[in-house]
Amino acid sequence: MELGLDKKKVIVTGGSRGIGKSILQNMVDEGAAVATCARGEEALNAALESWRASGAKAYGSALDVTNEQQYSDWFSQSLEQLGGLDVFVSNVTSRITTKGNQRWQDTFEVDLMQHIRATELAIPYLKQGDNPSIVYISSIASVMTTNMPTETEYGVMKAALISYATQLATKLGKDNIRVNLVSPGPIYHDGGFWQMVEKNQPELFTRAKAVSVFNRLGTAQEVANAVTFLASPAASNITGANLRVDGGAIKTVNF
Ligand SMILES: NC(=O)c1ccc[n+]([C@@H]2O[C@H](COP(=O)([O-])OP(=O)(O)OC[C@H]3O[C@@H](n4cnc5c(N)ncnc54)[C@H](OP(=O)(O)O)[C@@H]3O)[C@@H](O)[C@H]2O)c1
């Protein structure tokens, strides 16, 4: 199947490891020019170097997406470097360590508000784009009532992101901009949350595996494949979708 991503101009946030990095690798393999960001410079530069070494146009800077000014400066710079925008994948999350009201505020900033601010920056450029689309990374935590206590705020913001994106899909139809989401279940990757759990909380890790009908965690590549398809012109009649990549973890009929 031809995805039609060759020469597309793509921004994916949080590309230094995990799901974001796998999405970018897919985009580079498909011939897209890419831009990304992360807070940690070393891992970000290593990823960018590997893509450039394979001949790709790959841009990026270290910054914190919750810093409004830094983020909008980087976004404008990326649009300039890419020469426009066809695909925006809003992927960043962070582990929040604050407590109480501050935890709600911090989770709101990282798991909802920064996605919305970036979308507002992206829309005028996507309107000029070629087969333009947006994909947000949500989570099955958005529909679960049995999240870990540390994931209450995260689940609420990921649910709000699904509502926001689905409304946006309707609004942007007239501009031919498609808007979709991917909701992963527990995903195992190097340097990721579940690798830490495997080491420090083996019982929780075993329970996380058991929610999948395959009795395993997913991979970043499996999520990236779903994102790459939804972002691509091959998904030209799909908008407003929320595709779970969770090994059948959510036991409801998905009408
Ligand atoms: N892994 C899972 O089990 C799972 C399950 C469901 C949903 N998801 C969703 O999938 C997406 C990616 O997850 P992941 O596991 O790949 O995450 P991850 O391992 O935490 O990677 C997140 C990426 O974003 C960057 N980042 C984090 N906070 C940032 C900030 N404030 N500003 C700029 N960059 C920042 C990270 O680099 P730095 O740390 O250097 O900034 C890294 O490149 C997230 O939306 C997450 O909620 C993941």
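Please read these numbers as outputs of a predicted model, since none were measured by experiment.

1. Description of the packing of helix H1 (residues 18-29) against helix H8 (residues 220-231)
Think of two packed helices as two axes; the pair is described by the angle between the axes and how far apart they sit.
Item 1. Put simply, H1 and H8 touch, their axes get as near as 8 Å, and they point 50° apart. When the axes of H1 and H8 are compared, the pair comes out oblique. Note on packing geometry: the crossing formed by H1 with H8 is right-handed. On the side of H1, the interface is formed by Gly18, Ile19, Ser22, Ile23, Asn26 and Met27, while H8 contributes Ala220, Gln221, Val223, Ala224, Asn225, Val227, Thr228 and Ala231.
Item 2. Partitioned by chemical class, the residues of the contact of H1 with H8 number eight nonpolar, six polar and no charged.

2. As for the site of the ligand
Item 1. In the neighbourhood of the ligand, 27 residues make up the surrounding shell, with Ser16, Arg39, Asn91, Ser94 and Tyr154 lying closest.
Item 2. At a separation of 2.5 Å, an oxygen atom of the ligand approaches a polar side-chain atom of tyrosine 154.
Item 3. Between lysine 158 and the ligand, the recorded distance is 2.9 Å, taken from a side-chain N or O atom to an oxygen atom.
Item 4. The fraction of the free accessible surface of the ligand (890 Å²) that becomes covered by protein chains is 92%.
Item 5. Going through the elements one at a time, H1 and helix H5 (152-171) are the ones with two or more residues in the shell around the ligand.

3. Some details on the packing of aromatic side chains
How two aromatic rings sit relative to each other is given by the distance of their centres and the angle of their planes.
Item 1. A complete count under the given rule lists seven aromatic pairs for this structure.
Item 2. Aromatic pair tyrosine 71 and phenylalanine 75: ring centres 6.1 Å apart, planes at 80°, arrangement edge-to-face. Note that tyrosine 71 and phenylalanine 75 are positioned in helix H3 (residues 68-82) at a spacing of four residues, about one turn of the helix.
Item 3. Note on tryptophan 74 and phenylalanine 75: the rings are 5.9 Å apart at their centroids and 85° apart in plane angle, and the pair reads as edge-to-face.

How each quantity is defined
Residues numbered from 1 in each chain as written. Predicted model: local features only at pLDDT ≥ 70, side-chain atom pairs only at ≥ 80, totals over all residues. Heavy atoms only, no water. Axes fitted to C-alpha atoms, helices over the stretch in contact; angles between N-to-C directions. Helix = DSSP H or I, 4+ residues; strand = E, 2+ residues; numbered from the N terminus. Parallel < 35°, antiparallel > 145°, perpendicular 65-115°, else oblique. Left-handed = near helix turned anticlockwise from the far one by under 90°. Contact = heavy atoms within 4.5 Å. Nonpolar A, V, L, I, M, F, W, Y, C, P; charged D, E, K, R; others polar. Near = heavy atom within 4 Å. Polar contact = N/O pair within 3.5 Å; in protein donor to acceptor, adjacent residues only side chain to side chain. Areas by Shrake-Rupley, 256 points an atom, 1.4 Å probe, with all protein chains shown as cover. Phe/Tyr/Trp six-rings, centres within 6.5 Å; stacked < 30°, edge-to-face > 60°.

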